[in-house]
Amino acid sequence: QFRIGTAVAGGGHHTSADYPEPFPNDPTYRAFLADQFSSLTAENQMKWNHIHPEPDRYDFEQADAIVDFAEQNGQVVRGHTLFWHSQNPTWLEEGDFSPEELRAILRDHVETVVGRYAGRIQQWDVANEIFDDAGQLRTQDNLWIRELGPGIVADVFRWTHEADPQAELFFNDYNVEGPNAKSDAYHALIQQLLADGVPVHGFGMQAHLGLQYGFDGRMQANLQRFDDLGLATAITEIDVRGPVGEDGQLSPELRQRQTDWYAAALEACLAVEGCRSFTIWGVLDEHSWVPGTFPGQGDALTLEGDYQRKPAYCALQETL
Ligand code: XIL
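Residues numbered from 1 in each chain as written. Predicted model: local features only at pLDDT ≥ 70, side-chain atom pairs only at ≥ 80, totals over all residues.

Quick notes on the nonpolar core
Membership of the largest hydrophobic core comes to 84 residues, with the highest contact counts inside it found for Ile66, Val126, Val156, Ala265 and Cys269. Sequence-distant contacts of Ile66, that is, excluding residues within four places in its chain, are made with Val8, Phe23, Leu40, Ala42, Gln45 and Val77. (Core = buried A, V, L, I, M, F, W, Y, C linked by C-beta atoms within 7 Å. Buried ≥ 20, exposed ≤ 12 C-beta atoms within 10 Å, placed from the backbone. Contact = placed C-beta atoms within 7 Å.)

Spelled out as structure tokens, the structure:
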């Protein structure tokens, strides 16, 4: 079954005046989620800083709410994420732990979080953004790789698999839509891990696209080469941002290009056998992380204002 997904709003660093922090209770939002999407990703609520805010304390409230909601509405959940250089709690990043302690902390986290939702998560983004754009492992900013060495990547996949043997285990990253140094690095690493018998099942392309950067027309071919390794693939976080005017909107010309890119990305995914989900990184523009993270940019999602459909929304529907 092919699934269209979205990131469930809530719990970001960014603040906008009327942005609902927890998984919104807003009935219109919830009805729209239930009606329009068949896969949900927690935008922030399963990240370390949210779910494991203190060394001996986990906070599952928000994540539970999302998983329960998905179940009630016949949706699947993509778990996001277990191993990343960003959005880690201060106690972890600034703690003075020995390598043995860090290994135990990571393993315990995986067993606790993955174990809690075992059987209820379709795909886990186990490792997120472990390579930089030059295709080098993030040996400095990823604390796990820095302190424990590259071998820890295989271990976190093994531990996740033990905690939930049914979940499909993914690598996930941005700037990997086309063949390039970064996606080549993933391709090589995954081949090696598979040869070593490590449980890796999928490759996720975030697809945070910027209209100023261009769209790599080789997306389908690139998805295909991961498919050829026997992996599932997915578009996991798509948004298409660009410079906006004072009204917060792209020019008509850029909007047209945005519409074309959304449709082209969906087409690429639909053309590849094992690419069975396409997740947009939020519902309404007002939920989007883009304006807070990339000043002067926005208009990146497919719905604006009060659930008004943008041309991109219609183009996706026509492409399906
Ligand atoms: C972003 C969220 O959308 C923001 O709310 C948060 O402040 C920062 O993280 N790659 C990822 C996502 O894998 O988890 C990021 O989400 C966007 C980039």
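Details of the pairing of strand β8 (residues 232-243)
β8 sits mainly inside the fold: 11 of its 12 residues count as buried. Relative to β8, strand β6 (residues 202-205) runs parallel, the two sharing 4 bridges. Note on β8: the bridge partner recorded for Met205 is Ile235. Here β8 runs beside strand β9 (residues 275-280); their pairing, made up of 3 bridges, is parallel. Within the sheet, the bridge partner assigned to Ile238 lies in β9 and is Ile280. Note on the crossover from β8 through helix α10 (residues 252-270) to β9: the handedness is right-handed. (Helix = DSSP H or I, 4+ residues; strand = E, 2+ residues; numbered from the N terminus. Pairing = 2+ DSSP bridges. Right-handed = clockwise from strand over helix to strand, strands pointing away.)

Details of the environment of Gln87
Within the secondary structure layout, Gln87 lies in the loop between β3 (76-83) and α4 (90-93). Since 16 C-beta atoms lie within 10 Å of it, Gln87 is described here as partly exposed. Expressed as a C-alpha distance, the spacing of Gln87 and Trp281, which sit 194 residues apart in the sequence, is 17 Å. When neighbours within four sequence positions are excluded, Gln87 is seen to be in contact with Lys47, Trp48 and Asn49.

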